[in-house]
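# Structural features, examined
Here's the letter readout for the chains.
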Amino acid sequence: MVAQEREFTAPTVQLLTPEGALRPSPEAEAYLPLIEALDDATLEQFHRDMVISRRIDITGANLQRQGQLALWVPSHGQEAAQVGSARASRPQDHIFPSYREHIVGMIRGLDPVRILGLLRGATLGGWNPAENGNFHLYTLVLASQTLHATGYAMGIKFDGASGTGDPETDAAVLVYYGDGSTSQGDASEALVFAASYQTPEVFFVQNNQWAISVPVSRQSRTPLSLRGGGFGMPSLRIDGNDVLVSYAATRVALEEARAGQGPSFIEALTYRMGAHTTADDPTKYRTDDEVAYWAERDPIIRYRAWLESRGASAEFFASADEEAADVASDVRKRALEVTVPTRETIFEHVYSEPHPLMVEQAAWLQAFETGFEGGAA
């Protein structure tokens, strides 16, 4: 008996075509009322967010090339997926990023200099989520944040902080990870616990087509969105370069999570236009034709075309570009002023109160470092 090749497909939900026309796919019709309810200021903010994100991305890459950062993690091409989903969250929600969600952090109130300081090697902890819109710490350990997010979402449920019927206080968790991270065991374990405990959580996978040099086709023979269904949760594949559907789909999923309807899974199809990090050379594994194909689906150009069709002025776009340039210039200036923290900082926040063990260890380190000063050649 000859084994037959099976095809596994999933519809891609889309509101904006690559040309910038509002032409919903059949699965996206239900989201139209959400978009129609948005005012012009909100719609324009989506564009401002995306152009700021791209200018920050260019600034970070330039700083790394100039030796001012140890590493930079580009987000060029993924602006719509990040901006739309982030803008769909509410202040009480908790966001668990990977290490590429720069604009998500900014939307939640994080100073981007904190990200640059992290990648400059000039911080020992990153930032306090409670002071930055519940935006949790970056992680370079792939998919580990999915477990952190699921544990936190379990806590929200156990504390009765979701499903009360009060949208002003009910909370949910939004966790970001990439297509490469879906191959990690942690991601599957997080889905198991989320489904078992019906956590108030949204798994948001940015499928940017490449896990460093490994294509998504090597990792999965099925659309990644089908994985959520395998764990018993609603799942959706969206056009991640469409900021409107990214917003609408995530908003609905988060509202359902807050209301006590359990977790859901969103796969956002997008593309990493740049390198995986500045330590990577994507020309070694990607073709020019592939990059050109995705360049024609640029999320910012697409959205600008739609705003222009609605009557957005040239002055608005010029203002957005000027704001992005100003933000990037300010961030660059302040990033260059970031200094390495003092040695004592290592011990300051291990315990909430002074602890004799920390005093002992600090004294040992001081003596150890002093031993190198003025020693024999």
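Notes on the structure in this doc start here. (Residues numbered from 1 in each chain as written. Predicted model: local features only at pLDDT ≥ 70, side-chain atom pairs only at ≥ 80, totals over all residues. Heavy atoms only, no water.)

Strand order in the open sheet made by the 6 strands is β1-β7-β8-β4-β3-β2, with parallel pairing throughout. Every other strand in the sheet has two partners, leaving β1 (12–13) and β2 (94–96) as the edge strands with one partner each. Here 5 bridges tie strand β7 (residues 235–239) to strand β8 (residues 264–269), and the two strands are oriented parallel to one another. Bridging from a neighbouring strand, leucine 236 pairs with isoleucine 266 of β8. Contacting β3 (173–178), β4 (201–207) and β8, helix α7 (residues 185–197) runs over the sheet at an angle of about 155° to β4. (Pairing = 2+ DSSP bridges. Helix = DSSP H or I, 4+ residues; strand = E, 2+ residues; numbered from the N terminus. Contact = heavy atoms within 4.5 Å. Axes fitted to C-alpha atoms, helices over the stretch in contact; angles between N-to-C directions.)

Here the structure, examined in full by the defined rule, presents 17 aromatic pairs. Arranged with centres 6.2 Å apart and planes meeting at 65°, the rings of phenylalanine 135 and tyrosine 138 form a pair that is edge-to-face. The class for phenylalanine 135 is buried, based on a relative accessible area of 0%. Classification of tyrosine 138 by relative accessible area gives buried; the value is 13%. Through a chain of ring-to-ring contacts, the aromatic side chains of Phe46, Tyr247, Tyr303 and Trp306 assemble into a single cluster. If you follow arginine 297 out to its NZ or CZ, it ends over the ring of tyrosine 293, 3.7 Å from the centre. (Phe/Tyr/Trp six-rings, centres within 6.5 Å; stacked < 30°, edge-to-face > 60°. Buried < 20%, exposed > 50% of the residue type's maximum accessible area, 1.4 Å probe, protein only. Lys NZ or Arg CZ within 6 Å of the ring centre and 35° of its normal.)

Once that is clear, we can look at a nonpolar patch on the surface. On the surface, Phe158, Val192, Phe193 and Tyr197 cluster together into a nonpolar patch covering about 390 Å² of accessible area. Ranked by the residues each element gives to the nonpolar patch, the list is headed by α7, at 3 residues. Within the element layout of this structure, valine 192 appears in helix α7. (Patch = residues over 30% accessible without salt bridge, like charges linked within 9 Å, V, L, I, M, F, W, Y side chains within 5 Å. Areas by Shrake-Rupley, 256 points an atom, 1.4 Å probe, with all protein chains shown as cover. Salt bridge = Lys/Arg side-chain N within 4 Å of Asp/Glu carboxyl O.)

Just geometry here; none of it tells us what the structure is for.
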